[in-house]
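Commentary on secondary and tertiary structure
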Amino acid sequence: MPEALLELKDVHVRYGVIEAVRGINLTVGESEVVTLIGGNGAGKTTTLRAISMVHGPSRGEILFRGEDITSLRSDEVVSRGIIHVPEGRHIFPSMSVAENIEMGAFQRKKTSRKELNEDVDRVFMLFPRMKERRKQAGGTLSGGEQQMLAIGRALMAKPKLLMLDEPSMGLAPQVVETVFGVVETINSEGIPVLLIEQNAQMALQAASRGYVIETGEIVLEDKAQSLLGNDRVRKAYLGEE
Ligand SMILES: Nc1ncnc2c1ncn2[C@@H]1O[C@H](COP(=O)(O)OP(=O)(O)OP(=O)(O)O)[C@@H](O)[C@H]1O
Ligand SMILES: [Mg+2]
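Below is a summary of the structure that appears in this document. What you are looking at is a predicted structure, and each value in this text was computed from that prediction instead of being measured.

Overview of the site of ligand 1
Taken together, Tyr 15, Ile 18, Ala 20, Gly 38, Asn 40, Gly 41, Ala 42, Gly 43, Lys 44, Thr 45, Thr 46 and Gln 198 make up the full set of residues adjacent to ligand 1. Of all the secondary structure elements, the ones that give two or more residues to the shell around ligand 1 are strand S2 (18–29) and helix H1 (44–51). When residues in the shell around ligand 1 are grouped by element, the largest group, three residues, is from H1. The class makeup of the residues in the shell around ligand 1 is four nonpolar, seven polar and one charged.

Describing the sheet that holds strand S4 (residues 59–64)
Read from one edge to the other, the open sheet built from four strands follows the order S2-S1-S4-S5, with strand pairing classed as antiparallel. Either end of the sheet is taken by a strand with one partner, and the two such strands are S2 and strand S5 (67–68). Strand direction decides the pairing type here: strand S1 (residues 4–15) and S2, joined by nine bridges, are antiparallel. Looking across to S2, one finds that Ala 4 is bridged to Gly 29. Strands S1, S2 and S4 of the sheet are contacted by H1, whose axis makes an angle of about 65° with S2.

Calculation rules
- Residues numbered from 1 in each chain as written.
- Chains lettered and ligands numbered in written order.
- Predicted model: local features only at pLDDT ≥ 70, side-chain atom pairs only at ≥ 80, totals over all residues.
- Near = placed C-beta within 6 Å.
- Helix = DSSP H or I, 4+ residues; strand = E, 2+ residues; numbered from the N terminus.
- Nonpolar A, V, L, I, M, F, W, Y, C, P; charged D, E, K, R; others polar.
- Pairing = 2+ DSSP bridges.
- Contact = placed C-beta atoms within 7 Å.
- Axes fitted to C-alpha atoms, helices over the stretch in contact; angles between N-to-C directions.

Set out below in structure tokens:
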């Protein structure tokens, strides 16, 4: 396994008296795609929100590049380059596609107009459809297009680690292919990705390693290829008998 960029050590997360994440250990190495799969309510989103410090852990440690980030605020985590694309996209509906994309660069310091334009062009290259629709209001895009926009915007932050929460949710198979294709491209440029999915098949094909979470605990972890062949995974997450 490559050296850990992100490391969760015995992380617990509570909502009041309920412990939604119960002592998970997880790592993402430099330039890896790692997936966390699990059913509804398993604790996937909670785990990402803990890493982003939107709702931090109640116990345990989260290390990024060997540094403990559990005492940081969520904006400080973003400044370190941990960029989270949440479930449900959250684009700015009345802003144009191009404006939405540019907003992704908001916390970058001293970025020249030229550099910004080059980065926007790169997003347009990944998602040609966003270029065609650059003047259209974000809120009028289809669900799949909004997902592309959300990922494109996240890339403008120059992520050191990109975290995607169910990017394939609600998308037609063809659009799912596009989105996963982009995950591959992003990763081939050296950006590590932590991918959360219920679409276990696609996620395990895109990832090099995977974790399976059930009721707040990691029940399996292995190379993605091995998980694809694992009986328990096949029955519970790949819909096989
Ligand atoms: N703000 C909250 N307050 C109380 N309980 C919460 C809160 N957010 C999540 N939970 C609970 O924590 C558990 C884990 O939720 P989480 O959103 O992490 O699941 P998930 O794995 O992302 O599921 P899904 O695939 O349905 O998105 C669930 O039982 C959920 O009801
Ligand atoms: Mg979720």
